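What the coordinates show
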Amino acid sequence: MKAGRLLAIFWTFLRMGPFTFGGGYALIPVIEREIVAKRRWLREEEVADIVTAASSIPGAAGVNSAAFIGHRLAGVAGAAAALLGILLPAFCIMIALLLVYVRIKDHPKIEGAFTAIRATVVALIAYAAFRIGRNAVFDFITGAFAAAAVALLALGGGYVHPFWIVVLGAAGGIAAVKIRTRLGRPARLDKKEKEKEEEREPVYDYMI
Amino acid sequence: MLLGLFVVFFLAGLVSFGGGYAMIPFIQEEVLHRRHWMDAAQLADVIAVAGMSPGPIAANIAAAVGYQKAGLAGAVVAVTAVVLPSFLVILAAGKLLVRHRGHLLTKSAFYGLRPVVTGMIAWAAFTFAQYAGMTEGATWFALSQFLIFAGSLWALTRLHKHPFSVLILSGLVGAALYG
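Everything numeric here is computed off the predicted structure, so don't read it as measured data.

Secondary structure summary: chain B contains seven helices and zero strands in total. Counting from the amino terminus, helix and strand elements in chain B follow one another as α-α-α-α-α-α-α. Seen along its three principal axes, the alpha-carbon backbone of chain B occupies a region of about 55 × 35 × 30 Å. The buried share of chain B, taken over its 179 residues, is 59%.

Shown next as C-alpha cells:
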C-alpha cells in the first residue's frame, strides 16, 4: 500500500515533466489540475497555501511545491518520490543535450551560434532581473537595497561574496521594517495586492 | 571534486531565493572567480543549454556544471546538492511554513531580499554582457552582439516568446553571421 502510494506520487510528478519546459511557468496550474482535480489528493486551498509557502524558501517554487505535496501525502519518502519524479525527465534531457553540445561545440558554425547565444543569455538574465524587480523595487528603501547590492558587487568584486549579500538583504529587510514600525511609519511590504493581480502570474515568475 | 561540487551547489541552493537565475551571481563567484572550474564563455554556454532544457534552471545549471567537471556522478551530486536545502527545510518545517505563510518576519525578510536579488541579477547580466563582447567598444562585433541582445530582450518581453525559441533563433543568426 505504502509502496503503491509512493509510486503513484512519483508517476504523477514524472508526467508533469514536459510542462516544466524552459523553466516551468506552466508547472503550478498543472500541479493544481493533477493533484486537486484528477487525483483528489488535496483541496484547492491547500495547494494554494503550499505554493505560497513554497515560494518563501530557497529554490524554484514549482519544485518546492512538489516536495511539499509529496511530504504532505507520504512523509519523507513521499517528498523524495515527488522530487525524483519532477527532476528525472529534465535531468536525462539535460545530460543528453550536454552530450550533443560537447560533441559539436568545436564546429565553426556551432561556435558562431553560441557566440550569438551568449548575447541572448544576457537578455535572459536581464529579463529575470526585470521580472523579479518589478515586484521587488517599489519604494525608496527597496530601491536603495537594489543599488547597494549592485555597488557591493561592482566595487567589492572578489571580496564580498554574493552569499553574504543575500544574508545582508534578508537581515536588512527585517531591520528596516522593525525601525519603520518603531518610528510609527510602517512600510508597505508588498506591491499592492491589486496591482499584483493585474500583472497576473506572480508565482510562476519565480520558476524560470 | 565531488565534495567541492556538493559544497558549492548546496550553498547555491541555500541562497537561490526566487528560483534559478537568483543563483547565477553565486555560481559566477564560485565557479569562475574562486575555483576556476570554467571560463566565462563556458559558463555562458552552460546557462544557454540549461535554458533550452526542460526543468528548473537551477537544477539544469547544477547538472551541467557537475557533468562537465566530474561526469554523470558529478551531475547527480550537484543536482542533489542544489535541491537539498529546500528539501531539508520542507522536511523540518513544512507544516510550520504553511501555517505561518505570509508571517510578518518572512514578509520583511523578503522586503529586503527581493531587491537585493534583483540588483545581483542585474549585475550578473552586465558581467555576462562583458563576456559576450558587448562592452569592448565601438566595433562591429560589439554592435552586432548588442543588436542580438536587444532583439532577444524584445522577443522575450514584448512578444512573450519562449526562451527556448529565442535561443534557437539566436543560434541560427549566429551560425549565419559568425560561423
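What follows covers the interface of chain B and chain A. On the chain A side, the residues contacting the 94 residues of chain B number 88 residues. Listing elements by their share of the side of chain B that touches chain A, those giving two or more residues are α1 (2–15), α2 (24–34), α3 (40–52), α4 (57–99), α5 (104–131), α6 (140–157) and α7 (163–178) of chain B. Here the side of chain B that touches chain A takes 24 residues from α5(B), the largest share from any one element. Class assignment of the residues belonging to the side of chain B that touches chain A gives a composition of 63 nonpolar, 26 polar and five charged.

All names here are of chain B. In terms of domain boundaries, chain B breaks down into domain 1 (2–131) and domain 2 (133–179). Relative to domain 2, the C-alpha centre of domain 1 lies at a distance of 25 Å. On the domain 2 side, the residues contacting the five residues of domain 1 number five residues. Ranked by residues supplied to the side of domain 1 that touches domain 2, first place goes to α3 with three residues. Residues of the side of domain 1 that touches domain 2, tallied by class, amount to three nonpolar, two polar and no charged.

This next bit is on the packing of α3(B) against α4(B). Residue and element names in this part refer to chain B. Packing of α3 against α4 leaves a shortest axis separation of 9 Å and a crossing angle of 130°. Considered as vectors, α3 and α4 are oriented oblique to each other. Our pair here, α3 against α4, has a crossing hand that is right-handed. Residue-level contacts link Val46, Ile47, Val49, Ala50 and Gly51 of α3 to Ile57, Asn60, Ile61, Ala64 and Val65 of α4. A per-class count over the contact of α3 with α4 returns eight nonpolar, two polar and no charged.

A:Val122, A:Ile125, B:Ile61, B:Ala78 and B:Ile121 are the most contacted members of the largest nonpolar core, which has 127 residues in total. The element that contributes the greatest number of residues to this core is α4(B), accounting for 19 residues. Aside from chain neighbours lying at most four places away, what touches B:Ile121 is A:Ile125, A:Ala128, A:Ala129, A:Ile132, B:Tyr21, B:Ala22, B:Ile24 and B:Pro25.

Rules behind the numbers
- Residues numbered from 1 in each chain as written.
- Chains lettered and ligands numbered in written order.
- Predicted model: local features only at pLDDT ≥ 70, side-chain atom pairs only at ≥ 80, totals over all residues.
- Helix = DSSP H or I, 4+ residues; strand = E, 2+ residues; numbered from the N terminus.
- Buried ≥ 20, exposed ≤ 12 C-beta atoms within 10 Å, placed from the backbone.
- Contact = placed C-beta atoms within 7 Å.
- Nonpolar A, V, L, I, M, F, W, Y, C, P; charged D, E, K, R; others polar.
- Domains from an automatic or database assignment.
- Axes fitted to C-alpha atoms, helices over the stretch in contact; angles between N-to-C directions.
- Parallel < 35°, antiparallel > 145°, perpendicular 65-115°, else oblique.
- Left-handed = near helix turned anticlockwise from the far one by under 90°.
- Core = buried A, V, L, I, M, F, W, Y, C linked by C-beta atoms within 7 Å.

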